[in-house]
Amino acid sequence: MADFWTKNSGTVFSLAPMEDVTDTVFREVVMSMASPGNLHLMMTEFASVEGLNHPVGRKRVAERLVINESERQLRKELGIKLVAQIWGLNPEIYHNVSKWITEEYDFDGIDINMGCPVKKVVKMGACSALINDPVRAGEIIQAVKSATHLPVSVKTRTGISRHETERWIPFLLEQKPAAITLHGRTQKMQSEGLADWQQISLAVRLRDEAQSDIPVHGNGDVLSVDDGLAKARETGVDGIMVGRGIFHNPWFFHPERVHVPARERIDQLLFHTRLFEQTWQGKKNFNILKRFYKIYLNGFPGAAHIRADVMEIKSYEDVYRYFENLSID
Ligand SMILES: Cc1cc2nc3c(=O)[nH]c(=O)nc-3n(C[C@H](O)[C@H](O)[C@H](O)COP(=O)(O)O)c2cc1C
């Protein structure tokens, strides 16, 4: 068992893998805003093993695995672990790509995506479709485990069209992953409705009944560190994974910061923009940043007006110029 998936005392808090969000830039930004001891683990965006295995596709997909030197250093300083998340279909390709990832990169673990509900991947039989294909799911886990010395975990959902925790979790435990992160929704629910934490509680009970020590982490609708701690107490999970909560509060992992002043929010926005520009140098579209601008420009007088202005901006230079000319009290 990998020790970073459990803590002797307390709950492991992690930042969820999110496509087009949790790249090296965002991970560094989130770490720079966290207070010590509130963030322990992060994941990359999911990367297709078939894409990484392809001589042409590799370059594009590998952008999802980029780790900036500044991120690496901050992560080491803060003792935060980073796990690469992969998805795909073919166990042999999983094996080869996991070997390559282990050799080429500086990740602390590899996570297999068995939860994404997007039609395109489900149609192929990948991600959350694996909940209905345990033979392949088992082969994939073994293929990755035999390729790497790193801990291999699984992130999944409770079922396809209804909760099947009672069938699915004992099967996964038998495969002996380093950890299981359970998002308390079915594939059919996508991101709708509320995550069912009773199912997460059931998964912990099933783990205990199986006398297994595999860490179970819960995911879905965690609104604050306190909310996560309460959910951990109620369900007995070893860890709490936070996804969209970070959009509501970029200082999520610094719970003492309740009212962050406008100036600091703008400074953070500018830091984020510069790091994004330097890192991607045109490889990623500037407009991706607008999703993040909305989260910084919130909660102070005049924020709505600034937000509306910034949504019209089309280049890095114009962002810098706009804020240089803006007077904030
Ligand atoms: C924009 C976005 C992208 C996501 N991409 C991934 C992904 O690449 N891999 C994955 O396992 N889950 C992905 N998810 C799901 C989240 O990791 C998480 O399971 C889900 O949002 C529920 O947690 P939350 O309620 O805290 O947001 C994504 C979610 C969002 C909102």
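Every chain's residues receive numbers from 1 upward, in the order its sequence appears when written. A pLDDT threshold of at least 70 governs which residues receive local features in this predicted model, and a stricter bar of 80 or more applies before side-chain atom pairs are shown or counted, although totals over entire chains, interfaces and linings include all residues.

Notes on the pairing of strand 5 (residues 109-114)
Here's step 1: Here a residue counts as buried when 20 or more other C-beta atoms fall within 10 Å of its C-beta, as exposed when 12 or fewer do, and as partly exposed in between; the C-beta atoms come from the backbone. In this text, helices come from DSSP runs of H or I with a minimum length of four residues, and strands from runs of E with a minimum of two, each type numbered from the N-terminal end. Counting buried positions along strand 5 gives six out of six residues, so the element sits mostly inside the fold.
Here's step 2: Of the two faces of strand 5, the one carrying Gly109, Asp111 and Asn113 and the one carrying Ile110, Ile112 and Met114 are both buried.
Here's step 3: For two strands to pair, DSSP has to find at least two bridges joining them. Across four bridges, the pairing between strand 4 (residues 81-87) and strand 5 is parallel. Within strand 5, the position partnered with Ile86 by the bridge is Ile112.
Here's step 4: Taken together, the five bridges between strand 5 and strand 6 (residues 152-157) define a ladder with parallel strand orientation. Paired with Ile112 across the strands is Val154, a residue of strand 6.

Comments concerning the site of the ligand
Here's step 1: Not every one of the 21 residues close to the ligand is listed here, only the nearest: Ala16, Met18, Phe46, Gly243 and Arg244.
Here's step 2: For this classification, Asp, Glu, Lys and Arg are treated as charged, while Ala, Val, Leu, Ile, Met, Phe, Trp, Tyr, Cys and Pro are nonpolar and the rest, including Gly, are polar. In the shell around the ligand, the residues fall into eight nonpolar, eight polar and five charged. A residue counts as near a molecule or strand when its C-beta atom, positioned from the backbone, falls within 6 Å of it.

Side note on the packing of helix 9 (residues 197-209) against helix 10 (residues 225-235)
Here's step 1: Here an angle of 0 to 180 degrees is reported between the N-to-C directions of two axes, which are lines fitted to C-alpha atoms, with helices fitted over the stretch in contact. Look at helix 9 against helix 10: their axes get within 9 Å of each other, and the N-to-C directions meet at 50°. One element, helix 9, and the other, helix 10, form an angle in the oblique class. Crossing handedness for the pair helix 9 and helix 10: right-handed. Contacts between helix 9 and helix 10 pair Trp197, Ile200, Ser201 and Val204 from the former with Lys231, Glu234 and Thr235 from the latter. By the definition adopted for this analysis, an angle is roughly parallel if under 35 degrees, roughly antiparallel if over 145, roughly perpendicular if from 65 to 115, and oblique otherwise. It is the rotation of the near helix from the far one that decides the hand of a crossing: anticlockwise by less than a right angle makes it left-handed, clockwise makes it right-handed. It is the C-beta atoms, placed from the backbone, that decide contacts: two residues are in contact if theirs lie within 7 Å.

Considering unusual backbone geometry
Here's step 1: For Cys127, which is not glycine, the phi torsion reads 55° and is therefore positive.
Here's step 2: With respect to the helices, strands and loops of the structure, Cys127 is situated in the loop between helix 6 (119-124) and helix 7 (134-145).
Here's step 3: Residue classification places Cys127 among the buried positions, given that 25 C-beta atoms sit within 10 Å.
Here's step 4: Positive phi, close to 50°, is recorded for Lys176, a residue that is not glycine.
Here's step 5: Position of Lys176 relative to the elements: it lies in the loop between helix 8 (165-174) and strand 7 (180-183).
Here's step 6: The partly exposed category is assigned to Lys176, around which 13 C-beta atoms lie within 10 Å.

Points about the packing of helix 8 against helix 9
Here's step 1: Where helix 8 contacts helix 9, the two axes come as close as 10 Å, and the packing angle between them is 45°. With respect to each other, helix 8 and helix 9 are oriented oblique. The interaxial crossing formed by helix 8 with helix 9 has right-handed handedness. Where helix 8 approaches helix 9, its residues Thr165, Glu166, Ile169, Pro170 and Leu173 are matched on the opposing element by Gln199, Leu202, Ala203, Leu206 and Arg207.
Here's step 2: Considered class by class, the residues forming the contact of helix 8 with helix 9 number six nonpolar, two polar and two charged.

No statement about biological role is implied by the geometric values presented.
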